[in-house]
Structure formats: C-alpha cells, structure tokens
Amino acid sequence: MTVYFDMDRVLVDFAAQAEKYRILKRNQRVNWVKVFLYGEKFWSQMNFLYFADYYFRMISMYCAERNISVKILSSVRLKSGKKGKLNWCRKNLDLEKKDVILVKAAKNKYRYAEANSILIDDNIENIECFEAAGGNAFKFEKWNEITFNEICRKIDCVYERNRN
C-alpha cells in the first residue's frame, strides 16, 4: 500500500513563494518564464504549508506502523523544478529519490493509481482521474486535527479493504 502526497498547496506554500518571487501576472496566472529564470532555488527554498511538516510526520509514522509506503507524487515540467523539488524533499522530508515521483503533467498522476493507493491532493481533477483509474484519493483543503483524522480513517479503510 502507498500513500502519495502532492506537494504544491498540500505540503509546500506555493502561493507564498509565488508572492515572494513576484511570479504572478496581473490575471493571477503564473509567469513560467520568471520561474524558469529563478531556476532550482524557486522550488528548493519553499516553506512548508502551515502545520504541513507536523502532520506529514504524524501520517508517516502512522503509515510506518502499518508497513505502508509514503511517497511524493507531484508535477513539474521544468528540469530545474524537478531538481528543486527533489532537493526540497531530501532536505525537508528525509525521503530518498525513489520515494519522490515527479510527473510532467498533474493529469498523469492517475498512472500510479491502484486499489491499495491513496493520493492526497488539493486539485479535484487530479483526484477524479486518480479514482477513475482505480485508486483512492483525499481532497485536501488545510492542515488541522480534523484533516489528520480523516486521512487516517481513509488509510485504515483502504488498508482493511485490501488486507482481506
């Protein structure tokens, strides 16, 4: 069994980074040319979303007790973005390279969907595609005790269903 975490807006505060680097256009769309020019540091220097580090570690321990893998499943097209996200994960989550999966397009996350997998993501389209491909998903909104408990219940439900 595997629990996959998205990064942007689930673990890292993409909005704060976008503001810090002033990469948003007037229409609030990301200026990817600027992101490209900032390179790897744009991605590797992001801050955790509020309480994300605490709850990620709690969920990781919860999964470890059940022998469940925890991985990152995030999307980024830029090579510098891939390096930056990988470095961020190594530094902040203490994950090995094999536990960080970076796809070019978020819509491709469905390729990792299995009956015994869960995707924690903020994007409803990613969730719908993942579930349509046979996986399980959790629509993330914000970190708090309620979210933590709901994720643990989801993990338990999938774990028990696939144990039998």
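Just above sits the structure.
Let me sum up the structure you'll find in this document.

So, how was this worked out
Residues numbered from 1 in each chain as written. Predicted model: local features only at pLDDT ≥ 70, side-chain atom pairs only at ≥ 80, totals over all residues. Heavy atoms only, no water. Pairing = 2+ DSSP bridges. Helix = DSSP H or I, 4+ residues; strand = E, 2+ residues; numbered from the N terminus. Right-handed = clockwise from strand over helix to strand, strands pointing away. Axes fitted to C-alpha atoms, helices over the stretch in contact; angles between N-to-C directions. Salt bridge = Lys/Arg side-chain N within 4 Å of Asp/Glu carboxyl O. Buried < 20%, exposed > 50% of the residue type's maximum accessible area, 1.4 Å probe, protein only. Polar contact = N/O pair within 3.5 Å; in protein donor to acceptor, adjacent residues only side chain to side chain. Contact = heavy atoms within 4.5 Å.

**With respect to the pairing of strand E5 (residues 136-139)**
Okay, so step 1: With 4 bridges connecting them, strand E4 (residues 117-121) and E5 associate as parallel partners. Bridging across to E5, Ile120 finds its partner in Phe138.
Okay, so step 2: As a crossover connection, the stretch from E4 through helix H6 (residues 124-132) into E5 is right-handed.

**Some thoughts on the sheet that holds strand E2 (residues 69-75)**
Okay, so step 1: If you walk across this open sheet you meet the 5 strands as E3-E2-E1-E4-E5, and the pairing is parallel. Each having just a single partner strand, strand E3 (100-103) and E5 make up the two edges of the open sheet. Adjacent strand axes in the sheet meet at a mean angle of 25 degrees when their direction is disregarded.
Okay, so step 2: As paired strands, E2 and E3 are joined by 4 bridges and run parallel to one another. Paired with Ser75 across the two strands is Val103, which belongs to E3.

**Topic: the pattern of salt bridges**
Okay, so step 1: Applying the stated criterion across every chain, the model contains 7 salt bridges.
Okay, so step 2: Residue Glu65 pairs with Arg66 through a salt bridge whose shortest N-O separation is 3.4 Å.
Okay, so step 3: A salt bridge links Arg66 to Asp156, with the nearest nitrogen and oxygen atoms 3.4 Å apart. Taken together, the positions of Arg66 in the loop between helix H4 (52-65) and E2 and Asp156 in helix H7 (residues 145-163) put the pair 90 residues apart, joining distant regions of the chain.
Okay, so step 4: Take Arg66: its relative accessible area is 23%, and that puts it in the partly exposed class.

**Considerations on the side chain of Asp6**
Okay, so step 1: Within the secondary structure layout, Asp6 lies in the loop between strand E1 (2-5) and helix H1 (14-21).
Okay, so step 2: Judged by its relative accessible area of 6%, Asp6 is buried.
Okay, so step 3: Side-chain polar atoms of Asp6 contact the side chain of Lys109, separated by 3.0 Å.
Okay, so step 4: Excluding residues that lie within four positions of it along the chain, Asp6 makes contacts with Leu11, Leu73, Ser74, Lys109, Ile120, Asp121 and Asp122.

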